[in-house]
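The chain contents come next:
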Amino acid sequence: MKKQLLVLALTAIAFIGTATAQGGGFQRRTVEERVKAVHEKLDSAFKPEAKKMKMIDDIFTDYYTTSDKTRDEMMAGGNTDRDAMRAKMQELAAARDEKLKTVLSEDQMKVWKDTIEPSMRPQRGPRPQGQ
């Protein structure tokens, strides 16, 4: 009887571990959560005045809302072409950066592009060999 319970417990643990390893529980952050993260990074890096910070928040809210909508529309249409999606997202990011240039100085834009923006990208853990 003890062996059966042990085998059952080990099977349950293995099943739960496998399900979690397959990406269970991952959810995309909301627009508000992503804007807040950018807000905190830019605020700590540049300390912009409140009026500029509001403009920056508006730029990122628009960017994240548009990119989510575009991604959802492409996926709903059955378009799984990663290159087409990447090109569209790059267009949206370029438009966002043009708007940011009106608010941030040239030096601040350089810090944004070289340091802050790369740190905002989702990080993925190491992938198993052969995949």
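Conventions adopted
Residues numbered from 1 in each chain as written. Predicted model: local features only at pLDDT ≥ 70, side-chain atom pairs only at ≥ 80, totals over all residues. Heavy atoms only, no water. Phe/Tyr/Trp six-rings, centres within 6.5 Å; stacked < 30°, edge-to-face > 60°. Helix = DSSP H or I, 4+ residues; strand = E, 2+ residues; numbered from the N terminus. Buried < 20%, exposed > 50% of the residue type's maximum accessible area, 1.4 Å probe, protein only. Core = buried A, V, L, I, M, F, W, Y, C linked by side-chain atoms within 4.5 Å. Axes fitted to C-alpha atoms, helices over the stretch in contact; angles between N-to-C directions. Left-handed = near helix turned anticlockwise from the far one by under 90°. Contact = heavy atoms within 4.5 Å. Nonpolar A, V, L, I, M, F, W, Y, C, P; charged D, E, K, R; others polar. Salt bridge = Lys/Arg side-chain N within 4 Å of Asp/Glu carboxyl O.

Moving on: the packing of aromatic side chains. A ring pair, where both rings are aromatic, is described by two values, the distance of the centres and the angle of the planes. Counting across every chain of the model gives 3 aromatic pairs. When the ring of Phe60 is compared with that of Tyr64, the centres are 6.0 Å apart and the planes differ by 35°; the resulting orientation is tilted. Highlighted residues: Phe60 and Tyr64, both in helix H3 (residues 50–76), separated by 4 residues, approximately one helical turn. For the pair Phe60 and Tyr64, a shared accessibility class is recorded, and that class is buried. Here Tyr63 and Tyr64 contribute two aromatic rings whose centre-to-centre distance is 5.1 Å and whose plane-to-plane angle is 55°, an arrangement assigned as tilted. Judged by relative accessible area, Tyr63 falls into the buried class, the value being 15%. On the basis of relative accessibility, which here comes to 11%, the residue Tyr64 falls in the buried class.

Considering soluble globular proteins, one finds that nonpolar side chains tend to be buried as a cluster. Counting 24 residues, the largest nonpolar core has Val38, Leu42, Ile56, Phe60, Tyr64, Leu100 and Trp112 as its most contacted members. Mapped onto this core, the elements with two or more residues apiece are helix H2 (31–46), H3, helix H4 (82–101) and helix H5 (106–120). At 7 residues, H3 tops the list of elements feeding residues into this core.

The next subject is the packing of H2 against H3. Running from N to C, H2 and H3 cross one another at 145°; their axes reach a closest spacing of 9 Å. In the packing of H2 onto H3, the handedness of the crossing is right-handed. For the pair H2 and H3, contact is made by Val31, Arg34, Val35, Val38, His39, Leu42 and Asp43 and by Met53, Ile56, Asp57, Phe60, Thr61, Tyr64, Thr65 and Asp68, respectively. Of the residues that constitute the contact of H2 with H3, the class distribution is 8 nonpolar, 3 polar and 4 charged.

Let's shift gears to unusual backbone geometry. Positive phi, close to 50°, is recorded for Lys47, a residue that is not glycine. Here Lys47 is to be found in the loop between H2 and H3. Using a relative accessible area of 60% as the deciding quantity, one classes Lys47 as exposed.

What follows deals with the pattern of salt bridges. Once the charged atoms of two side chains with opposite charge are near each other, the side chains can pair. According to the stated counting rule, one finds 13 salt bridges in the structure shown. For Lys99, the salt bridge goes to Asp62, with nearest N and O atoms at 3.0 Å. Linking Lys99 in helix H4 with Asp62 in helix H3, this pair joins segments that are 37 residues apart in sequence. A relative accessible area of 38% places Lys99 in the partly exposed class. Residue Arg96 is joined to Glu117 by a salt bridge in which the shortest nitrogen-to-oxygen separation is 2.6 Å. Linking Arg96 in helix H4 with Glu117 in helix H5, this pair joins segments that are 21 residues apart in sequence. Each of the salt bridges in this network shares a partner with another, and the network as a whole consists of Arg96, Asp97, Lys113 and Glu117.

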